[in-house]
Number of protein chains: 2
Amino acid sequence: MRRKKKERQALLQETLEKDPFMTDEALAHFFDVSIQTIRLDRMELSIPELRERIKDVAKQQLDDVKALSPDEVIGEIVDLQLDERAISILDIQSEQVFTRSGIARGHHLFAQANSLAVAIINDEMALTAKATIRFSRQVKSGERVIAKATVKRIEVERTIVEVQSFVEQEVVFSGEFLMYRTKQMKNG
Amino acid sequence: MRRKKKERQALLQETLEKDPFMTDEALAHFFDVSIQTIRLDRMELSIPELRERIKDVAKQQLDDVKALSPDEVIGEIVDLQLDERAISILDIQSEQVFTRSGIARGHHLFAQANSLAVAIINDEMALTAKATIRFSRQVKSGERVIAKATVKRIEVERTIVEVQSFVEQEVVFSGEFLMYRTKQMKNG
């Protein structure tokens, strides 16, 4: 249902407060207007674009990565609270997809999630011991994958991290990572 | 126990017939002699070096990869019998390890195993739906990882592939991959 501009803008503001990760495309679809209209609405309301929004939301809690060098993280970390939660963004490039199908290769989504599971650990050393992962929908070149990691459980020498990766609002990848810290070392 | 040269060479030949994947290092350790001795033994017996041996063993059954482009396989495929078994070799380079620990990053081992699980499928299209993986020992720069994939089960639209990766005789990675073929498409 189309709404009047004022009503739409109020609702837009409210929607983005609830879910700052919604893209312009998703908003256009939701409000049944063009992407251009959403952009104009955002400009009038002084709402920055998605990447900036995510950074704004996250900025208060961007801890320093401890378990690996920041440039070893696959994707861009925009939110990090050690031993609690982390978010990273990965824009799928044309060289990361199968030439034949144009579908993103699984190991890039895995690399984003796995390196986020390492980054979230509040320890100088963290290595992956085990993972159970699921690819739930294809990702194409040009799509933006937002991975959200959450620490589920901290045990004596290990941490269980859950990662869900989204394109728009859809889950494209999910995984549970069993991470070893400090003395117990496996591949990370 | 040290053996006489003749005895050792006879046993060396026998050992390599049973396990052509044994490295010179492992053989030297096994026979309690230097690597140089093993190399001389091999030369006298006209036994080629590991990589060539693997290729020799495999050559009879090197099917063409169907589900992806050959250059999209991570590692070098040396044995492939579609829908049955496959072997690939990956030499870990210094840029594939964590700078801090020198330990190979998990996603490279995952990429080798996952792309082998795609390559083994006898179909134009194969994508990974789910995987359960385990990193059982660290891999360092310069080590050679040999991944062996076996098709465990073929169902209507999916294939279950088991992969075990070794350095020397030791398992460093193992995984079970649930692959979709043709019409059912997930990320691969």
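Above this text you will find the structure in question.
Residues numbered from 1 in each chain as written. Chains lettered and ligands numbered in written order. Predicted model: local features only at pLDDT ≥ 70, side-chain atom pairs only at ≥ 80, totals over all residues. Heavy atoms only, no water.

Draft legend 1. Quick peek at helix H2 (residues 24–31) of chain A. The complete set of buried residues in H2(A) reads A:Asp24, A:Ala26, A:Leu27, A:Ala28 and A:Phe31. Considering only its buried residues, H2(A) is in contact with helix H1 (5–18) and helix H3 (35–45) of chain A. (Buried < 20%, exposed > 50% of the residue type's maximum accessible area, 1.4 Å probe, protein only. Helix = DSSP H or I, 4+ residues; strand = E, 2+ residues; numbered from the N terminus. Contact = heavy atoms within 4.5 Å.)

Draft legend 2. Looking closely at the sheet that holds strand E5 (residues 158–167) of chain A. Taken together, the 12 strands give an open sheet; going across it, the order is E1(A)-E2(A)-E4(A)-E5(A)-E6(A)-E3(A)-E3(B)-E6(B)-E5(B)-E4(B)-E2(B)-E1(B), and neighbouring strands pair in antiparallel fashion. Looking at strand neighbours, the two that pair on one side only are strand E1 (76–81) of chain A together with strand E1 (76–81) of chain B, the edges of this open sheet. Adjacent strand axes in the sheet meet at a mean angle of 20 degrees when their direction is disregarded. Direction of pairing for strand E2 (residues 85–91) of chain B relative to strand E4 (residues 144–154) of chain B: antiparallel, over a ladder of 7 bridges. Its bridge partner lying in E4(B), B:Ile89 is registered against B:Ile146. Lying on the sheet, helix H5 (residues 106–119) of chain A is in contact with E1, strand E2 (85–91), strand E3 (126–135), strand E4 (144–154), E5 and strand E6 (170–181) of chain A together with strand E3 (126–135) of chain B; it crosses E6(A) at an angle near 45 degrees. Relative to strand E6 (residues 170–181) of chain B, helix H5 (residues 106–119) of chain B is tilted by about 45 degrees, and along the sheet it contacts E3 of chain A together with E1, E2, E3, E4, strand E5 (158–167) and E6 of chain B. (Pairing = 2+ DSSP bridges. Axes fitted to C-alpha atoms, helices over the stretch in contact; angles between N-to-C directions.)

Draft legend 3. Just the side chain of A:Arg137, in detail. All names here are of chain A. Summarising the element assignment, arginine 137 is placed in the loop between E3 and E4. Arginine 137 sits in the buried class, given a relative accessible area of 19%. There is a polar contact of 3.2 Å between the side chain of arginine 137 and the side chain of glutamate 143. One polar contact links arginine 137 to glutamate 170, side chain to side chain, over a distance of 3.3 Å. (Polar contact = N/O pair within 3.5 Å; in protein donor to acceptor, adjacent residues only side chain to side chain.)

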